[in-house]
Amino acid sequence: WGPPRTDDGYDSDQTLAPRPKPAQSADVCDCSELKPGMKFTCRDDGCINYACREECGKSRCVEYCGNQRITRGQFRPVQVFDAGPKGYGLRVLTDCQRGDIIQEYTGQ
């Protein structure tokens, strides 16, 4: 009783789900050489990872990739201080500019 079955045991009116595609690298950056006058690659919107606010992976980027600052631990020196009734604060001990990475937030 019910729909007819095929040799593979599935109902004939059902289709199988497509097979998953093989795992592809999430690192799509193809920056491979320095632009004239630049010290780093991947520091402008020409790098797809930088434009999407993602860090470049280790697989394809070169040693002068400027978009691996969290991976390499390139943070600004900071100090925790007592902010009085507000609790504690965090201050940067060196000059920084807009867009600089200060610290990685880990939720702790």
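Residues numbered from 1 in each chain as written. Predicted model: local features only at pLDDT ≥ 70, side-chain atom pairs only at ≥ 80, totals over all residues. Heavy atoms only, no water.

S.K.: Which parts of the structure should I look at to understand the overall build of the protein?
M.R.: Looking only at helices and strands, one finds 1 helix and 2 strands in the protein. In sequence order, the protein lays out its α and β elements as α-β-β. With 108 residues in all, the protein has 16% of them scored as buried. Taking contacts inside the protein between residues at least 6 apart in sequence as the whole, the part at least 24 apart equals 33%. (Helix = DSSP H or I, 4+ residues; strand = E, 2+ residues; numbered from the N terminus. Buried < 20%, exposed > 50% of the residue type's maximum accessible area, 1.4 Å probe, protein only. Contact = heavy atoms within 4.5 Å.)

S.K.: Help me understand the pairing of strand β1 (residues 78-82) in this model?
M.R.: Walk down a regular strand and you will see the side chains alternate between the two sheet faces. Sheet analysis places β1 next to strand β2 (residues 88-92), joined by 5 bridges and oriented antiparallel. Paired with V80 across the strands is L90, a residue of β2. Count of turn residues in the β1/β2 antiparallel hairpin: 5 residues, of which G84 carries a positive phi of about 70°. (Pairing = 2+ DSSP bridges.)

S.K.: Help me understand a nonpolar patch on the surface, please; the structure alone is not making it clear to me.
M.R.: Side chains of V80, Y88 and L90 sit close together on the surface and give an oily, nonpolar patch of about 390 Å² of accessible area. One can find Y88 in strand β2. (Patch = residues over 30% accessible without salt bridge, like charges linked within 9 Å, V, L, I, M, F, W, Y side chains within 5 Å. Areas by Shrake-Rupley, 256 points an atom, 1.4 Å probe, with all protein chains shown as cover. Salt bridge = Lys/Arg side-chain N within 4 Å of Asp/Glu carboxyl O.)

S.K.: Even after reading the chapter, I still don't get the environment of Q79, so can you show me in this structure?
M.R.: Within the element layout of this structure, Q79 appears in strand β1. Overall, the relative accessible area of 35% leaves Q79 in the partly exposed class. Linking Q79 and R91, residues 12 residues apart in sequence, is a C-alpha distance of 5.4 Å. Excluding residues within four positions of it along the chain, Q79 makes contact with G89, L90, R91 and L93.

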